Amino acid sequence: MLSFQNLLSVNELSRADVDVILKRATQFHETSHQISEVAKGKILASLFFEPSTRTRFSFEAAMYRLGGHVVTMESSLASSIQKGETLSDMGRIMSGYCDIVTMRHAIPYSIKEFAQHATVPVINAGDGPNQHPSQSLLDAYTIKFFQKKIDHLTIGFVGDLKFGRTVNSLMQLLSLFSGITFYCISHPTLRVSPDLVATLKNSGHTVIEMDNMNDLLPELDVVYMTRVQKERFVNEKEYLEVKDHFLLTPESLVGCKSTLSILHPLPRVNEISPALDAHPAAHFFDQAKFGLFVRMALISEMLKLEK
Ligand code: CP
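Along each chain, residues carry numbers from 1 onward, in the same order as the chain's sequence is written. Since the coordinates come from a predicted model, pLDDT governs what is reported: local features require at least 70, and pairs of side-chain atoms require 80 or more to be given and counted, while whole-chain, interface and lining totals use all residues. With hydrogens and water stripped out, all remaining heavy atoms of the structure feed into the side-chain values.

1. Overview of the site of the ligand
Residue proximity to a molecule or strand is established when one non-hydrogen atom of the residue lies within 4 Å of it. Taken together, S52, T53, R54, T55, R104, H132, Q135, P265 and L266 make up all the residues around the ligand. One nitrogen or oxygen atom from the side chain of T55 is found 2.7 Å from an oxygen atom belonging to the ligand. N or O atoms within 3.5 Å of each other form a polar contact, as long as, within protein, one can give a hydrogen and the other can take it, and as long as residues adjacent in sequence are counted only when both atoms are side-chain atoms. In this structure, L266 approaches the ligand through a main-chain N or O atom, which is 3.1 Å from a nitrogen atom. Of the residues contributing to the shell around the ligand, the split by class is 2 nonpolar, 5 polar and 2 charged. As annotated, the domain borders come from an automatic or database domain assignment. Split by domain, the residues of the shell around the ligand number at least three in each of domain 1 (10-132 + 289-302) and domain 2 (133-288). Three classes are used: nonpolar for Ala, Val, Leu, Ile, Met, Phe, Trp, Tyr, Cys and Pro, charged for Asp, Glu, Lys and Arg, and polar for all others, with Gly counted as polar.

What follows is the structure, given as structure tokens:
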């Protein structure tokens, strides 16, 4: 039984919630060839005001695999928000048509506004640079799957730690675990927020901020690469100054642990060379695939579907 109705932020998740969702995701992973009927008669509304490949299609595929149905909106121009309707009214209206909603929007806290008068569970599928909680759950699932644990790992977060909602949400989720060493590697203008650093330190973790990855990779259990979020920059010149700062290649991995996991929420632009795709440490395509099982688990638990 989860402790929350809506998943708008990682803040809603307790450690027990994370354990419940990861355990159920494991069950779906182990029986991934089976189509279930547990969500028969249930409808997921999939509302994407911003582009998505992984999040949208894995949520929709998850609902179909559970035996439910999906109604979908794939363009910000396709709803009556264009005519001036508020997100809050839209949430109230959509609650009459479906059993659960997943939504992505460019504006931070917009999904909170949508959920204000919604009477069905709402999942934040990414609100601007703010939060992407279902991604954090699938990232945690992937770390646990390959590393066999989450506590006491040494993890490097690389790239856009300012605008990257996946990296910020994941670090916040990992604060629920014990004794993690966080290396935060970014251009000085794309640092992780001081509030998040304080949260991690207050939870007993170690945080080290750096400008480059030189000599660091051999120390890491996990390296989490991220794309510089071009769409969040107002000034293109500022984007051009910080893009293409970090690129993993086969040469970068010399001396690394044999158990290293390379993760990336994807899409990648120029952070991981395709020459690494077949490397044993390359787990980013598995990570995207595991999103299906985690989202099946999330829908099942939030709708209290039978096991
Ligand atoms: N990781 C992620 O959120 O991918 P999409 O933008 O394709 O959904």
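2. Focus on the nonpolar core
Note that soluble globular proteins tend to have their nonpolar side chains buried in a common cluster. Nonpolar core, defined: a set of buried Ala, Val, Leu, Ile, Met, Phe, Trp, Tyr and Cys residues in which side-chain atoms within 4.5 Å join the residues together. When accessible area is computed with a 1.4 Å probe and restricted to protein chains, residues below 20% of their type maximum are described as buried, those above 50% as exposed, and intermediate ones as partly exposed. In this structure, F157 and L174 are the most contacted members of the largest nonpolar core, which totals 57 residues. Setting aside residues up to four positions removed in sequence, F157 forms contacts with V167, L170, M171, L174, F182, Y183, C184, I185 and Y224. Core analysis: the next-biggest nonpolar cluster, separate from the first, contains 21 residues, L220, V223, L248 and A282 among them. Here, residues are in contact when the closest pair of their heavy atoms is within 4.5 Å.

3. Concerning the domain arrangement of the protein chain
Parsing the protein chain into structural domains produces domain 1 (10-132 + 289-302) and domain 2 (133-288). For domain 1 versus domain 2, the separation of C-alpha centres amounts to 25 Å. Taken together, the contact between domain 1 and domain 2 spans 31 residues of the former and 29 residues of the latter. Reported buried area values correspond to the accessible surface (1.4 Å probe) lost by two parts on association, with both partners' losses combined. Summing both partners gives a buried area of about 2700 Å² for domain 1 against domain 2, and 62% of it is carried by carbon and sulfur. On the domain 1 side of the contact with domain 2, R54, H132 and F290 bury the most area, a combined 27% of that side's loss. Salt bridges are counted wherever a side-chain nitrogen of Lys or Arg sits within 4 Å of a carboxyl oxygen of Asp or Glu. Scanning the region where domain 1 abuts domain 2 turns up 1 salt bridge. In this structure, E50 engages R165 in a salt bridge whose closest nitrogen and oxygen atoms are separated by 3.5 Å.

4. Quick notes on the sheet that holds strand β5 (residues 154-158)
Strands were regarded as paired on the criterion that DSSP finds at least two bridges between them. Helix and strand definitions follow DSSP, with helices as H or I runs of at least four residues and strands as E runs of at least two, each counted in order from the N terminus. Overall, parallel pairing links the 5 strands, which are arranged β7-β6-β5-β8-β9 in an open sheet. The open sheet has two edge strands, β7 (206-210) and β9 (261-263), and neither has a second partner. The mean angle between the axes of side-by-side strands here comes to 15°, regardless of whether they run parallel or antiparallel. In terms of strand pairing, β5 meets strand β6 (residues 181-185) through 5 bridges, oriented parallel. Here an angle of 0 to 180 degrees is reported between the N-to-C directions of two axes, which are lines fitted to C-alpha atoms, with helices fitted over the stretch in contact.

5. Some thoughts on the pattern of salt bridges
If you walk through the whole model with that rule in mind, you get 12 salt bridges. The salt bridge partner of D211 is R191, with a shortest N-O separation of 2.4 Å. Taken as a pair, D211 in the loop between β7 and β8 (222-225) and R191 in the loop between β6 and α7 (194-202) lie far apart in primary sequence, 20 residues in all. D211 gets classed as partly exposed once you look at its relative accessible area, which sits at 41%. We note a salt bridge from R227 to E231, for which the minimum N-O separation is 2.9 Å. Residue class for R227 comes out buried when judged on its relative accessible area of 16%. A relative accessible area of 42% means that E231 is categorised as partly exposed. Through salt bridges with shared partners, a single network forms among R24, E301 and K307.

6. With respect to α7
The set of residues buried in α7 consists of L196, V197 and L200. Each buried residue of α7 sits inside an arc of 100° when the element is viewed along its axis, so together they form one side. Residues of α7 that are exposed and point over 90 degrees away from its buried face: P194, D195 and N202. Its buried side turned inward, α7 meets α6 (165-174), β6 and β7. G204, located one to two residues past α7, shows a positive phi value of around 95°. Directions are taken from the helix axis to each C-beta atom, and the arc is the one they span.

7. So, the sheet that holds strand β3 (residues 100-105)
Spatially, the 4 strands line up as an open sheet ordered β2-β1-β3-β4, and their pairing is parallel. Looking at strand neighbours, the two that pair on one side only are β2 (69-73) and β4 (122-127), the edges of this open sheet. Each neighbouring strand pair of the sheet contributes to a mean axis angle of 15°, computed without reference to strand direction. Of the strand pairs in this sheet, β3 and β4 are connected by 4 bridges, and their pairing is parallel.

8. Examining the environment of N11
Topologically, N11 is positioned in the segment before α1 (15-30). For N11 and K144, which are 133 residues apart along the polypeptide, the C-alpha to C-alpha distance reads 20 Å. At 2.5 Å, the side chain of N11 and the side chain of Q172 are in polar contact.

9. Quick look at the pairing of β3
Most of β3 is tucked away: 6 of the 6 residues are buried. Burial of β3 is two-sided: the residues I100, T102 and R104 facing one way and the residues V101, M103 and H105 facing the other way are all buried. Crossovers are described as right-handed under a simple rule: with the strands pointing away from the observer, the path leading from the first strand over the helix to the second runs clockwise. Note that the unit made of β3, helix α4 (residues 110-115) and β4 has a crossover that is right-handed.

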